[in-house]
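One-letter residues, chain by chain:
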Amino acid sequence: MKYVVANWKANKNLSEAESWLKTLAEYPSAHPDSELIVAPPYPFLHLVPPTISAAVQDLSPYAAGSYTGAVAARNLIGLGVKYALLGHSERRQYFHETCQEVARKVDQALQNGLTPIVCVDTGYLAEQAAAIADDQLAQCLVAFEPVAAIGSGENVPVAEVSEMKDRIIQLFGEVFVLYGGSVTPANVMDYTAVSDGVLVGTASLDATEFIQLVEMA
Ligand code: PGA
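Everything quoted here is computed from the prediction, not taken from an experiment. (Residues numbered from 1 in each chain as written. Predicted model: local features only at pLDDT ≥ 70, side-chain atom pairs only at ≥ 80, totals over all residues. Heavy atoms only, no water.)

Attention now goes to helix α1 (residues 14–26). Along an α-helix, residues three or four positions apart point the same way, because every turn accommodates 3.6 residues. Here α1 spans 18 Å end to end across 13 residues, near enough to the 18 Å set by a 1.5 Å rise per residue. Along α1, the positions that sit buried rather than exposed are A17, W20, L21 and L24. Relative to the axis of α1, the buried residues are bounded by an arc of 95° and lie together on one face. Summarising the geometry of α1, the exposed residues directed more than 90 degrees from the buried face are K22 and E26. Elements that come into contact with the buried residues of α1 comprise β1 (2–7), β2 (34–39) and α8 (207–216). (Helix = DSSP H or I, 4+ residues; strand = E, 2+ residues; numbered from the N terminus. Expected span 1.5 Å × (residues − 1). Buried < 20%, exposed > 50% of the residue type's maximum accessible area, 1.4 Å probe, protein only. Arc of directions from axis to C-beta. Contact = heavy atoms within 4.5 Å.)

Take a look at the structure:
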């Protein structure tokens, strides 16, 4: 099975979100061999139809309680969210998230029945794995997201992804490994050949382009 994750980041307004989700919901679920996941901004989560899995783009490292502005895993119960994208490089860069914090988010996700999708790059892969509790490592999905490849059109050579997949499995155990960074309909097949799926930013924003990408994956 291949995972295809659409990470909208902080894009789209309500009507754009509705229109994308409508297009994808009507897309025949003729691909039982792929898991289609969308990670919209929080306000649009409840619009995700049951034919598509929903992910959050972040999660509070704290349990529910007095943490103004935070979204705790418990707040998501009933919204049909299955996955939590954690430790994306943009969170690390702009919101100064550390590996320790990401590990606390992984713990919160797992305690509340969400599957973490942990994003890593070469420089902090080992530190990130060391920060996560041993018994939680193999419960994660891991996305290799080389920072220089994100949103740049500079996707990395496929051989590098195979190599990283082996390193990730050594550290996390038998986990599914995704690749993310300038994935397009034109190159997606190369990456799904050596990984368990892809995490897509820019090429996920247009519903038609994203459907093309899913077809190719
Ligand atoms: P990109 O983003 O597809 O625009 O490179 C990928 C990501 O940030 O997950």
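What follows concerns the pattern of salt bridges. Applying the stated criterion across every chain yields a total of 7 salt bridges. For D58, the salt bridge is made with R91, and the minimal N-O distance between the two is 3.2 Å. Taken together, the positions of D58 in the loop between β3 (53–56) and β4 (81–86) and R91 in helix α2 (residues 89–94) put the pair 33 residues apart, joining distant regions of the chain. Relative accessible area serves as the criterion here: at 13%, D58 is assigned to the buried category. The partner of K165 in a salt bridge is D196, and the shortest N-O contact between them spans 3.6 Å. Taken as a pair, K165 in helix α6 (residues 158–172) and D196 in the loop between α7 (188–192) and β8 (197–200) lie far apart in primary sequence, 31 residues in all. (Salt bridge = Lys/Arg side-chain N within 4 Å of Asp/Glu carboxyl O.)

Taking every second residue as pointing to the same face, both faces of β3 are buried, with S53 and A55 on one and A54 and V56 on the other. The pairing of β2 with β3 spans 2 bridges and is parallel. Of the residues in β3, the one forming a bridge with I37 is S53. As paired strands, β3 and β4 are joined by 3 bridges and run parallel to one another. (Pairing = 2+ DSSP bridges.)

What follows covers the pairing of β2. With 6 of 6 residues buried, β2 is to be regarded as a mostly interior element. Of the two faces of β2, the one holding S34, L36 and V38 and the one holding E35, I37 and A39 are both buried throughout.

With that settled, consider the packing of aromatic side chains. Counting across every chain of the model gives 7 aromatic pairs. Ring centres 4.2 Å apart and planes at 15° place the aromatic pair Y179 and Y191 in the stacked group. Taken together, the residues span a long stretch of sequence, with Y179 in strand β7 (residues 177–180) and Y191 in helix α7 at a distance of 12 residues. On the accessibility criterion, Y191 (1% relative accessible area) is buried. Feature note: the residues Y3, Y83 and F176 constitute an aromatic cluster, connected by ring pairs. Over the ring of W8 we find K12, and its NZ or CZ is 5.2 Å from the ring centre. Residue placement shows R91 over the ring face of F95; its charged tip is 3.9 Å from the ring centre. (Phe/Tyr/Trp six-rings, centres within 6.5 Å; stacked < 30°, edge-to-face > 60°. Lys NZ or Arg CZ within 6 Å of the ring centre and 35° of its normal.)

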